[in-house]
Amino acid sequence: SCTMVKKTEKKTRVNDVITREYTVNLHKRLIGGTFRKRAPRAITAVRTFAQKAMGTSDVRVDQKLNKFLWSKGVKNVPYRVRVRLARK
């Protein structure tokens, strides 16, 4: 006799939101570059950090984070930044 087995839904990691906090050391990521490109490069560095840490290519930088990175001008980017990363 043949019995049908009921399929159980597996929990995928896409459904639950994962939130973590990190400190990104921008100082070591911006050494040896043009001064006028420091702030744009800092944003790129935060982006690539988030991509590696959370394993996703979809990264959106919050307006507050952008303002903070640009707060001291294009040349004098803060040495460290504390970020909260969330992945759906």
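Rules used in this analysis
- Residues numbered from 1 in each chain as written.
- Predicted model: local features only at pLDDT ≥ 70, side-chain atom pairs only at ≥ 80, totals over all residues.
- Heavy atoms only, no water.
- Helix = DSSP H or I, 4+ residues; strand = E, 2+ residues; numbered from the N terminus.
- Contact = heavy atoms within 4.5 Å.
- Areas by Shrake-Rupley, 256 points an atom, 1.4 Å probe, with all protein chains shown as cover.
- Phe/Tyr/Trp six-rings, centres within 6.5 Å; stacked < 30°, edge-to-face > 60°.
- Buried < 20%, exposed > 50% of the residue type's maximum accessible area, 1.4 Å probe, protein only.
- Lys, Arg positive; Asp, Glu negative; His and termini not counted.
- Salt bridge = Lys/Arg side-chain N within 4 Å of Asp/Glu carboxyl O.
- Polar contact = N/O pair within 3.5 Å; in protein donor to acceptor, adjacent residues only side chain to side chain.
- Core = buried A, V, L, I, M, F, W, Y, C linked by side-chain atoms within 4.5 Å.

**So, the overall build of the protein**
Stage number 1. Counting secondary structure elements, the protein contains 3 helices and 2 strands.
Stage number 2. Reading the protein from its N terminus to its C terminus gives the helix and strand order β-α-α-α-β.
Stage number 3. For the protein, restricting intrachain contacts to residue pairs at least 6 apart in sequence, the fraction spanning at least 24 positions comes to 72%.
Stage number 4. As displayed, the protein offers around 7,400 Å² of accessible surface, 51% of which is attributable to carbon and sulfur atoms.

**Some thoughts on the packing of aromatic side chains**
Stage number 1. Taken as a whole, this structure holds 1 aromatic pair when the rule is applied.
Stage number 2. Measuring from ring centre to ring centre gives 5.4 Å for tyrosine 22 and phenylalanine 49, while their planes differ by 80°; the resulting arrangement is edge-to-face. Within this pair, whereas tyrosine 22 is found in strand S1 (residues 18-25), its partner phenylalanine 49 is found in helix H2 (residues 38-54), the two being separated by 27 residues in sequence.
Stage number 3. A residue is classified by how much of its surface remains accessible, and tyrosine 22, at 23% relative accessible area, is partly exposed.

**Regarding the side chain of arginine 87**
Stage number 1. Its location among the elements puts arginine 87 in strand S2 (residues 80-87).
Stage number 2. Here arginine 87 occupies a buried position and makes no salt bridge, while the nearest side chain of opposite charge, aspartate 16, is found at 6.4 Å.
Stage number 3. Only 2.5 Å separates the side chain of arginine 87 from the backbone oxygen of methionine 54, close enough to count as a polar contact.

**Topic: the environment of phenylalanine 49**
Stage number 1. With a relative accessible area of 18%, phenylalanine 49 lands in the buried category.
Stage number 2. Along the backbone, phenylalanine 49 and tyrosine 22 are 27 residues apart, and their C-alpha atoms lie at a distance of 9.7 Å.
Stage number 3. Apart from residues no more than four positions distant in its own chain, phenylalanine 49 is found in contact with Tyr22, Val24, Arg29 and Leu85.

**Topic: the nonpolar core**
Stage number 1. Counting residues in hydrophobic clusters, the biggest one holds 19 residues, and the most contacted among them are Leu26, Leu69 and Val81.
Stage number 2. Looking at this core, the elements that each hand over two or more residues are H2, helix H3 (63-69) and S2.
Stage number 3. The element contributing the most residues to this core is H2, with 8 residues.
Stage number 4. The contact partners of leucine 69, leaving out residues within four places of it in the chain, are Leu26, Ala39, Ala42, Ile43, Val46, Val77, Pro78 and Val81.

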